[in-house]
Amino acid sequence: MSDFTVSQSLTTQQQEALQRATKCLAPNWPLDRMIAVNPLWNLVDRPFDNVATDMSLLAGIRCHMPVETYLSWYEEGRIQNQQLLQAAHEYGLNLSAEALIVHLSKDTGRVQSWRNIADWADLTRSNHKMSWHDEITHQISQFCAAHYQDQRPMLQRQYRQQSLNLYQHWLQVSRMDRGLSIILSESHLADEFDLLPNDQEQLFATAISELKVPSQSIYNYGQALLLDINGWGAYLAYRAFEAEKIGKSQDDVRSLLAIKLAWELVIWRYLEKHQADEFDALKERWGQQLLHTHELRSQHHDALSIPRIWARALELSEQHRLQQQLVNAQPKPSDKATLQAIFCIDVRSEVYRRALESQSREIETYGFAGFFGLPIEYEQAGTQVSRPQLPGLVPASIRVFESTPNEHKLAQTSRHAGWNRWGNAAAATFSMVESMGWWYAFKLFKKSLKGDQGHALSPTDATHWTLTRQGHALSVDDQALLAKGVLDTMGLRYYAPTVLLVGHGSHSCNNLQSAGLECGACGGQTGEVNVRVLAQLLNDTQVREALDKLGHEIPSNTQFVAALHNTMTDHVTCFQEVRDGFVYDWLQQATYLTQLERAPRLDPALLEMDKQERNEAYLKRAKDWSQTRPEWGLADNNAFIIAPRQYTRALDLNGRCFLHDYDFHLDPDSAVLERLMTAPMLVTHWINMQYNLSTTDNFKFGSGNKVLHNAVGDHIGVFEGNGGDLRIGLAMQSLHDGQQWMHTPQRLAVYIRAPQSAIAAVVAKHALLQHLINHQWLYVFQWQDQSIHRFHAGEWHPCPAND
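Bear in mind that the values here come from a model prediction, so they are computed numbers and not experimental data. (Residues numbered from 1 in each chain as written. Predicted model: local features only at pLDDT ≥ 70, side-chain atom pairs only at ≥ 80, totals over all residues. Heavy atoms only, no water.)

Participant: For the UniProt feature "binding site: Zn(2+)" (unreviewed entry) in the chain, give the residues involved together with the corresponding values.
Facilitator: Following the UniProt record, one finds the feature "binding site: Zn(2+)" (unreviewed entry) at Cys344, Asp346, His504 and Cys519. What stands out for the annotated residues spanning 176 residues is how close their C-alpha atoms remain, the widest pair being 8.8 Å apart. The residue cysteine 344 is located in strand S1 (residues 339-344) in this model. On the basis of relative accessibility, which here comes to 5%, the residue cysteine 344 falls in the buried class. In contact with cysteine 344, not counting residues within four places along its chain, are Ser349, Phe368, Gly370, Val502, His504 and Cys519. In this structure, aspartate 346 sits in the loop between S1 and helix H18 (347-357). (UniProt positions renumbered as here; feature names shortened; annotations may be inferred. Helix = DSSP H or I, 4+ residues; strand = E, 2+ residues; numbered from the N terminus. Buried < 20%, exposed > 50% of the residue type's maximum accessible area, 1.4 Å probe, protein only. Contact = heavy atoms within 4.5 Å.)

Participant: Can you tell me about the packing of helix H22 (residues 476-490) against helix H23 (residues 528-539), naming the residues and giving the values?
Facilitator: Packed helices, taken two at a time, are described by the angle their axes make and the gap between the axes. As a packed pair, H22 and H23 sit with axes 10 Å apart at the nearest point and diverge in direction by 105°. Overall, the two elements H22 and H23 adopt an arrangement that is roughly perpendicular. Taking contact as the criterion, the partners of Gln479, Leu482, Ala483, Val486, Leu487 and Met490 in H22 are, on H23, Leu534, Leu537 and Leu538. Looking at the contact of H22 with H23 residue by residue, the class counts come to eight nonpolar, one polar and no charged. (Axes fitted to C-alpha atoms, helices over the stretch in contact; angles between N-to-C directions. Parallel < 35°, antiparallel > 145°, perpendicular 65-115°, else oblique. Nonpolar A, V, L, I, M, F, W, Y, C, P; charged D, E, K, R; others polar.)

Participant: Provide a residue-level description of the side chain of arginine 308, including the pertinent values.
Facilitator: Inspection of the secondary structure assignment puts arginine 308 in helix H17 (residues 305-328). Among buried Asp, Glu, Lys and Arg side chains, arginine 308 stands out as unpaired, with aspartate 49 the closest opposite charge at 4.3 Å. A distance of 3.0 Å separates the side chain of arginine 308 from the backbone oxygen of histidine 301, its partner in a polar contact. Leave out the neighbours within four places in its chain, and arginine 308 touches Asp49, Thr53, His64, Tyr91 and His301. (Lys, Arg positive; Asp, Glu negative; His and termini not counted. Salt bridge = Lys/Arg side-chain N within 4 Å of Asp/Glu carboxyl O. Polar contact = N/O pair within 3.5 Å; in protein donor to acceptor, adjacent residues only side chain to side chain.)

Participant: So what's going on with the pairing of strand S5 (residues 398-402)? Which residues, and what values?
Facilitator: Side-chain alternation along S5 places Ile398, Val400 and Glu402 on a buried face and Arg399 and Phe401 on a face that remains uncovered. Two elements, strand S3 (residues 376-379) and S5, share three bridges in a ladder whose sense is parallel. Across the sheet, residue tyrosine 378 finds its bridge partner in S5, namely valine 400. Sheet topology note: the S5/strand S6 (residues 465-469) ladder contains four bridges and is antiparallel. Residue pairing for S6: valine 400 is matched across the bridge by leucine 467. (Pairing = 2+ DSSP bridges.)

Participant: Got a sec to walk through the side chain of glutamate 264? Specific residues and values, please.
Facilitator: Along the chain, glutamate 264 falls in helix H14 (residues 252-274). It is lysine 260 that comes nearest to the buried, bridge-free glutamate 264 among opposite-charge side chains, at 5.9 Å. Setting aside its immediate chain neighbours within four residues, glutamate 264 contacts Asn116, Ile117, Ala118, Leu211, Tyr221 and Leu225.

Participant: Any details on unusual backbone geometry? Residues and values, ideally.
Facilitator: Phi at phenylalanine 372 is positive, roughly 55°, even though this residue is not glycine. With respect to the helices and strands, the residue phenylalanine 372 is situated in the loop between strand S2 (363-368) and S3. Phi is positive for asparagine 510, close to 55°, though the residue is something other than glycine. Mapping asparagine 510 onto the fold places it in the loop between strand S8 (498-505) and H23. When its relative accessible area of 18% is taken as the criterion, asparagine 510 is described as buried.

Participant: Describe the packing of helix H13 (residues 230-245) against H14, naming the residues involved and giving the relevant values.
Facilitator: Interhelical geometry of H13 versus H14 gives an angle of 155° and a closest axis separation of 8 Å. As the angle between them shows, H13 and H14 are arranged roughly antiparallel. When H13 is examined against H14, the residues Trp232, Gly233, Leu236, Ala237 and Arg239 are found in contact with a partner set consisting of Asp252, Val253 and Leu256.

Participant: Go over the confidence of the model for the chain, please, and point to the residues and values.
Facilitator: On average, the chain scores 90 in pLDDT, and the residues at 70 or more come to 90%. The low-confidence segment residues 415-436 (pLDDT under 50) makes 37 contacts with residues lying over four places distant or belonging to another chain. Scored below 50 in pLDDT, residues 447-459 shows 31 contacts in the model against residues more than four places distant or in partner chains. (pLDDT = per-residue confidence, 0-100.)

Participant: Give a detailed account of the environment of asparagine 38, specifying residues and quantitative values.
Facilitator: Residue position: asparagine 38 is located in the loop between helix H1 (12-22) and helix H2 (48-59). With 650 residues separating them along the chain, asparagine 38 and asparagine 688 place their C-alpha atoms 7.8 Å apart. Among residues more than four places away in sequence, those in contact with asparagine 38 are Ala26, Val44, His685, Trp686, Met689, Leu693 and Trp777. Within the structure, asparagine 38 has its side chain in polar contact with the side chain of histidine 685 (distance 3.1 Å).

Participant: So what about the pattern of salt bridges? Which residues, and what values?
Facilitator: Scanning all chains against the criterion turns up 32 salt bridges. With its nearest N and O atoms 3.1 Å apart, the salt bridge here joins lysine 129 to glutamate 186. Residue lysine 129 is found in the loop between helix H6 (117-123) and helix H7 (132-147), and its partner glutamate 186 is found in the loop between helix H9 (179-183) and helix H10 (189-194); the two are separated by 57 residues along the sequence. The shortest N-O distance in the salt bridge between arginine 321 and glutamate 318 comes to 3.6 Å. Of this pair, arginine 321 and glutamate 318 both sit in helix H17, separated by three residues, roughly a single helical turn. In the salt-bridge network here, residues are joined through shared partners; they are Arg78, Glu318, Arg321, Asp636 and Arg656.

Participant: If you had to explain the sheet that holds S2 to someone new, which residues and values would you point to?
Facilitator: Read from one edge of the open sheet, five strands run S2-S1-S8-S9-S10, paired in mixed fashion. The sheet terminates laterally at S2 and strand S10 (571-574), the two strands that pair on one side only. Averaged over all pairs of adjacent strands, the angle between strand axes in this sheet comes to 25°, irrespective of strand direction. Helix H25 (residues 582-602) rests against S1, S2, S8 and S10 of the sheet, and its axis sits at about 155° to S10.

Participant: Summarise the nonpolar core; cite the residues concerned and give the values.
Facilitator: Inside soluble globular proteins, nonpolar side chains tend to come together where they are buried. Judged by nonpolar contacts, the single largest core of 145 residues is most densely connected at Trp170, Leu196, Leu211, Trp232, Trp263 and Trp286. The element contributing the most residues to this core is H14, with 14 residues. Here this core spans two domains, and each of domain 1 (12-42 + 113-274) and domain 2 (339-403 + 461-797) adds at least three residues to it. Beyond its immediate stretch of four places on either side in the chain, tryptophan 263 contacts Trp132, Ile136, Gln139, Ile140, Trp170, Leu180, Leu184, Leu189 and Phe193. Leu482, Ala483, Val486 and Leu501 belong to the second largest nonpolar core, which has 37 residues in total. (Core = buried A, V, L, I, M, F, W, Y, C linked by side-chain atoms within 4.5 Å. Domains from an automatic or database assignment.)

Participant: Go over the sheet that holds strand S15 (residues 749-752) with me, naming the residues and quoting the values.
Facilitator: Strand order in this open sheet of six strands is S12-S11-S15-S16-S17-S18, and the pairing throughout is mixed. Strand pairing shows two members of the sheet lacking a second neighbour, strand S12 (657-660) and strand S18 (795-798), which therefore form its edges. If you compare each strand with its neighbour and ignore which way they point, the axes differ by 25° on average. By the bridge criterion, five bridges tie strand S16 (residues 779-784) to strand S17 (residues 787-792) in an arrangement that is antiparallel. Across the sheet, the residue bridging to valine 780 is phenylalanine 791, located in S17.

Participant: Just give me the short version of H13, but keep the residues and values in it.
Facilitator: With 16 residues, H13 extends 22 Å from end C-alpha to end C-alpha; this agrees with the ideal 22 Å at 1.5 Å per step. Looking at the residues trailing H13, positive phi occurs at glycine 247, about 80°. (Expected span 1.5 Å × (residues − 1).)

Participant: Before we move on, could you go through the packing of aromatic side chains and cite the residues and values that matter?
Facilitator: A full pass over the atoms with the stated rule returns 29 aromatic pairs. With centroids separated by 5.9 Å and ring planes inclined at 85°, the aromatic side chains of tryptophan 232 and tyrosine 235 adopt a geometry described as edge-to-face. Taken together, the residues tryptophan 232 and tyrosine 235, both in helix H13 and three residues apart, mark about one turn of the helix. Aromatic side chains phenylalanine 791 and tryptophan 796 sit 4.7 Å apart centroid to centroid with 40° between the ring planes, which places their arrangement in the tilted category. You can call phenylalanine 791 buried: its relative accessible area is 5%. A connected cluster of aromatic rings, assembled from ring pairs, spans Trp29, Trp41, Tyr148, Trp232, Tyr235, Tyr238, Phe241 and Trp686. In this structure, arginine 78 is placed above the aromatic ring of tryptophan 73, and the distance from its NZ or CZ to the ring centre is 4.9 Å. Taking the ring centre of tryptophan 132 as reference, the NZ or CZ of arginine 125 above it sits at 4.5 Å. (Phe/Tyr/Trp six-rings, centres within 6.5 Å; stacked < 30°, edge-to-face > 60°. Lys NZ or Arg CZ within 6 Å of the ring centre and 35° of its normal.)

In structure tokens form, the structure reads like this:
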């Protein structure tokens, strides 16, 4: 048994390497809080190109598109010769356009990536036996699914009162699981689990010693093992992230690494004892890989030289087209507004805002962060459950709830949640029909024919919200300070008679990733709670009196109205009666115009309908339980513009740009600019990289076929099918329409109308911003009048936007 294992300990260098490896995975939020994340977020302290090389080396992960895809985009004219030459020059390649195309058309092939011991063992394994790699992934994944649902049927009685960590629980279950020997057709395999150390730190020391892993290879090896099961690793990183936000520690990622390493040790020992020839081949190959990792990395770096240039040329071409629009834009100030509508910066809002503004010069729209500056979590009255209503990077400091529970709403929510848990899993509708009979089959059929009737712009019942901090209700002065922070960042110069606060959400059926279509900044929730709470604050007479003393004088005739933009149907619902009735007409017409503009991307047949028919078709689409592409979400996002709306109002940005209003004249100390560059800019970067990497490598950073999704533990995540690793990122149906990519992978371009000195000063204060900019995870530009300059490595470089 493991008690006889010779005790060993890790050196400081080995400990540090293991710790670094456990930090390589970014958190991935559960289904009910699904937000966009850059899956390489914890590696942004290194250049993007270097990380892309390491991902290719350690896990065969692609951070670029295939060369043939870039070639097709070049032939379509999306990549221009001038930008292709510039990209090649940046990478030290100076050729004529003709010679460059020939060079960049070469098939670079695939270089062999790092192999873990299980992968090397599979090379000589009989085709009639289960793959080591596949069974390891399946066993660990099924175990984690049971462990994190608190399903421990195999936990022995003597352990049930103990707090076993993840490794110890896995070891206890694995020692009892004689089925592993049968599945893998290895009769003595179970003996090896009995010989593993009970303590995970002892396991690390033993495995590193027996597998002869040099200290300088531990980080790469540990990272490769975790990337091999990065779905569960990312979920455990989320649990650690959430624990850290409340001052606790949680280190299950380290235990997951121990489990993976334990399997490697089991295979090594088993082959050594029972299959000498295979072990000799394994030992030789493993030793050579450890010896030549540096050369292997160089091969991957060289193999990516062509995709790197193509990717950069695509970015330069797309940036150039947008920059031409920006420098040629004529400011288009509105008249004294009758209606001001503040929308989320979400790219989907850009289309609707243009449609709304086109109807009158008395309409102004603004872009603002989707959580509306409120650091809140929402607790439904009458329950003990709370949910975040803000970006995942930020901890909530205020709790809000309805002052009076709505018992009917509570019962309805409970029934709806229970029904959804059963019926909204991808394959569950079939079992529901089987169990419920023709009644449910008829219900599904009816849902596919009947549109959503809840879109009418009618007021809802008034709700009073209570705001608390650490269990104490906020005073009027506290509420005024909270509102002041929002208004300072919002930057309104005056207040129209009607100010719409427009959150957003989506609506689709039978969609486990539906939260990913809600506001990406609001913890996977709609912005409804945020705008309703903010409207209450800004309409409150006492709060207004306190705000007056703080420098914000709101006219008595100004009405703040909470509203919600349904990005699936493009209806805007107001949550209270609007005094100016013509606002409803403007909103309805904006819906029709937006639906028309979005129609070609969703279904060209929509163009053949009149506006009423098209509207009904959108509503039907939202209720269609068989619809795998309800909307395109934030696909094809490419830029974030921080500037007054008057400079972009005349531009058609094709629903690809995040837009946040900002006037540097109102921000003399750059405090607002700093908030924008350290919060919304990071959120847009996360969204951009989630879409990019879900596209370039959907196997590792996406979630495959949505039709095959099944929920794990109700909300933990999804399997594609009934097993394998937990899937993260976006499904293919959110990125590809069956014929072409609907998202173009390119790193986010951020355009800021502010003095260069102000932008540089903000960057100088934050190491994270320096990493993102200098390591080219995103691009930052200053846009001023007819010139655009890029900021990189502490210097400003002019962009030839007018060519």
